[in-house]
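# Notes for the structure review
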Amino acid sequence: MKIIQVSGWANTGKTTFIRNLIPVLKSHGRVGVIKHLIDHDYRLDEGKDTTVFFENGADISAGIDTNKSVIALHTVNLDEILQFFKKDGVDFAVIEGFKKRNFPKIIIGDLPSDTCVLRNPTADQVISSLSLFEDY
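Residue numbers here run from 1 along each chain, matching the order of that chain's written sequence. Local features are withheld for residues below a pLDDT of 70 in this predicted model, meaning they are given only at 70 or higher, and side-chain atom pairs are given and counted only at 80 or more; totals for whole chains, interfaces and linings count all residues. Water and hydrogen atoms play no part in the side-chain values, which are based on all heavy atoms of the structure.

So, about the layout of surface pockets. Within this model, the largest pocket holds a volume of roughly 1200 Å³. Lining the largest pocket we find 29 residues, and of these Lys35, Leu37, Ile71, Thr75 and Ile81 sit closest to its centre. Elements are defined by DSSP. Helices are runs of H or I of four residues or more, strands are runs of E of two residues or more, and each kind is numbered from the N terminus. For the lining of the largest pocket, the secondary structure elements donating two or more residues are β2 (31-35), β4 (69-73) and α3 (78-87). Under the grouping applied here, Gly and all other residues not named as nonpolar or charged are polar, the nonpolar ones being Ala, Val, Leu, Ile, Met, Phe, Trp, Tyr, Cys and Pro and the charged ones Asp, Glu, Lys and Arg. Per-class residue counts for the lining of the largest pocket are 18 nonpolar, seven polar and four charged. A cavity here means a set of points on a 1 Å grid, drawn over the protein atoms and nothing else, where a 1.4 Å probe fits but cannot get out; a pocket is an open set with protein on both sides within 12 Å along at least five of seven lines, and a residue lines either one if it has an atom within 4 Å of a point. Grid points are joined across faces, edges and corners, and a volume is the space filled by probe spheres set on the points.

Here it is in structure tokens:
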């Protein structure tokens, strides 16, 4: 599984870049995305069964509707989530944020980085440069 980390200052276009990268990567394999929620906590709907199960200690609580599944895990460890992705057969793990991790990075904007391998690339440039990214 290739780790494609995207970092940059707030409001530089990281999410837009990833939104455009996903369909291009999908033509080459399965894609998973991890978003570092630095400034806000994700809220589970209060009182809903899957939330109650999670709050009462289920290691994994999942809800399935007619269009999607939502999974809540009791971990905040990036490596555990990457292992989860890998076991599920994800080919490309796109990580938004986690600036302090030392994976080869795509930098959007002018954020200084010792691990930058591409700066402000197009999705096609990422595809042609996949060998620069770490296998997990």
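For every residue, the accessible area (1.4 Å probe, protein chains only) is compared with the maximum for its type, and the residue is labelled buried under 20%, exposed over 50%, or partly exposed between those bounds. Every buried residue of α3 is listed here: Leu78, Ile81, Leu82 and Phe85. Down the axis of α3, the buried set is contained in an arc of 100°. They therefore lie on one face. Where α3 is buried, its residues touch β1 (2-7), β2, β4 and β5 (92-96). The first or second residue beyond α3 is glycine 89, which carries a positive phi of 85°. For this quantity, the arc is that covered by the directions from the helix axis to the C-beta atoms. Between two residues, a contact is recorded if the distance between any of their heavy atoms is within 4.5 Å.

Another aspect to go through is the sheet that holds strand β7 (residues 116-119). Taken in spatial order, the five strands of this open sheet run β2-β5-β1-β6-β7, and their pairing is parallel. Both outer strands of the open sheet, β2 and β7, are each paired with one neighbouring strand and no more. Between one strand and the next, the sheet's axes are offset by a mean angle of 25°, whatever the strand orientation. Bridge analysis of β1 against β5 gives five bridges, and the strand direction is parallel. In the sheet register, valine 6 faces β5, and the bridge partner there is glutamate 96. Here α3 sits on the sheet and contacts β1, β2 and β5; the angle it forms with β2, its principal contact strand, is near 165°. Only strands joined by at least two bridges in the DSSP assignment are considered to pair. Orientation is described by lines fitted to C-alpha atoms, with helices fitted over the stretch in contact, and by angles between N-to-C directions that extend from 0 to 180 degrees.

Note on terminology: a nonpolar core comprises buried Ala, Val, Leu, Ile, Met, Phe, Trp, Tyr and Cys residues joined through side-chain atoms within 4.5 Å. Counting residues in hydrophobic clusters, the biggest one holds 16 residues, and the most contacted among them are Ile4, Val6, Phe17, Leu21, Leu25, Ile106 and Val126. Listed by contribution, the elements that provide at least two residues to this core are β1, α1 (14-26), β5 and α4 (123-128). Among the elements that make up this core, the one with the highest residue count is α1 (four residues). Those residues in contact with leucine 21 that sit more than four places away from it in its chain are Ile4, Ala123 and Val126. Grouped together as the second largest cluster of nonpolar side chains are twelve residues, Ile34, Leu78, Leu82 and Ile95 included.

In the sections that follow, a salt bridge refers to a side-chain nitrogen of Lys or Arg positioned within 4 Å of a carboxyl oxygen of Asp or Glu. Overall, the coordinates contain five salt bridges when judged by the stated rule. Between arginine 101 and aspartate 79 there is a salt bridge whose closest N-O contact spans 3.2 Å. Placement of arginine 101 in the loop between β5 and β6 (105-107) and of aspartate 79 in helix α3 is noted, with a sequence separation of 22 residues between them. Judged by its relative accessible area of 26%, arginine 101 is partly exposed.

The next point concerns the environment of valine 76. Position of valine 76 relative to the elements: it lies in the loop between β4 and α3. The exposure class assigned to valine 76 is exposed, which follows from its relative accessible area of 85%. Taking the C-alpha atoms as reference points, valine 76 and histidine 36, 40 residues apart in sequence, are found 9.8 Å from one another.

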